[in-house]
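Listed below, chain by chain, are the residues.
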Amino acid sequence: MGRSDDDGPAERAAKARAGSPFLSAAETAHYLGISERTLLEYRSKGRGPAFRRHGNKVRYHIDDLIAWSQRLRRAGDDA
């Protein structure tokens, strides 16, 4: 399944759900639009989305990513 940089969040979520709901760190960073390094820093400081260890691999569930993102949602500033 190819991935387009033009995909919006809904399209990326749909593609993730069509396969496994668990994403690698690289897939998660792409989905969130951040670097893998930033994701690692968030994880190490306990500020990032919930994650799971599957053996020695870190995996993120798509539902946890959506929930984490919505917790960060802010009202727009009228400046």
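Because the structure is predicted, anything quoted here is derived from the model rather than measured.

Taken in spatial order, the three strands of this open sheet run β1-β3-β2, and their pairing is antiparallel. In this open sheet, the two strands that pair with only one neighbour each are β1 (22-23) and β2 (52-54).

Let's shift gears to the packing of aromatic side chains. Two aromatic rings are characterised by how far apart their centres lie and by the angle between their planes. Following the criterion strictly, the structure yields two aromatic pairs and no others. Aromatic side chains Y42 and W68 sit 6.0 Å apart centroid to centroid with 55 degrees between the ring planes, which places their arrangement in the tilted category. Taken together, the positions of Y42 in helix α3 (residues 36-45) and W68 in helix α4 (residues 62-71) put the pair 26 residues apart, joining distant regions of the chain. Taking the relative accessible area as the measure of exposure, Y42 reaches 22% and is therefore partly exposed. Under the relative-accessibility criterion, W68 is labelled buried at 10%. Judged by centre distance (6.2 Å) and plane angle (50 degrees), the ring pair of F51 and Y60 falls under tilted. Given a relative accessible area of 34%, F51 falls into the partly exposed group.

A few words on helix α2 (residues 25-32). For α2, the complete set of buried residues consists of T28, A29 and Y31. Axial view of α2: buried residues confined to an arc of 160 degrees, hence all on one face. With its phi angle positive at about 75 degrees, G33 sits one or two positions after the end of α2.

Let us now look at the nonpolar core. Across soluble globular proteins, you tend to see nonpolar side chains buried next to one another. In this structure, A13, L23, A29, Y31, L39, V58, Y60, I62 and L65 together form the largest nonpolar core, which totals nine residues. Of all the secondary structure elements, the ones that give two or more residues to this core are α2, β3 (57-61) and α4. Ignoring sequence-local partners within four residues, the contact set of L65 consists of L23, T28, Y31, L32, P49 and Y60.

Below, the discussion takes up the pairing of β3. Consecutive side chains of a regular strand alternate in pointing toward one face of the sheet and then the other. Here β1 runs beside β3; their pairing, made up of two bridges, is antiparallel. Bridging from a neighbouring strand, L23 pairs with Y60 of β3. By the bridge criterion, three bridges tie β2 to β3 in an arrangement that is antiparallel. Counted as the bridge partner of H54 is K57 from β3. Hairpin connection between β2 and β3: a loop of two residues separates the two successive antiparallel strands, and G55 in this loop has a positive phi of roughly 70 degrees.

What counts as what
- Residues numbered from 1 in each chain as written.
- Predicted model: local features only at pLDDT ≥ 70, side-chain atom pairs only at ≥ 80, totals over all residues.
- Heavy atoms only, no water.
- Pairing = 2+ DSSP bridges.
- Helix = DSSP H or I, 4+ residues; strand = E, 2+ residues; numbered from the N terminus.
- Phe/Tyr/Trp six-rings, centres within 6.5 Å; stacked < 30°, edge-to-face > 60°.
- Buried < 20%, exposed > 50% of the residue type's maximum accessible area, 1.4 Å probe, protein only.
- Arc of directions from axis to C-beta.
- Core = buried A, V, L, I, M, F, W, Y, C linked by side-chain atoms within 4.5 Å.
- Contact = heavy atoms within 4.5 Å.

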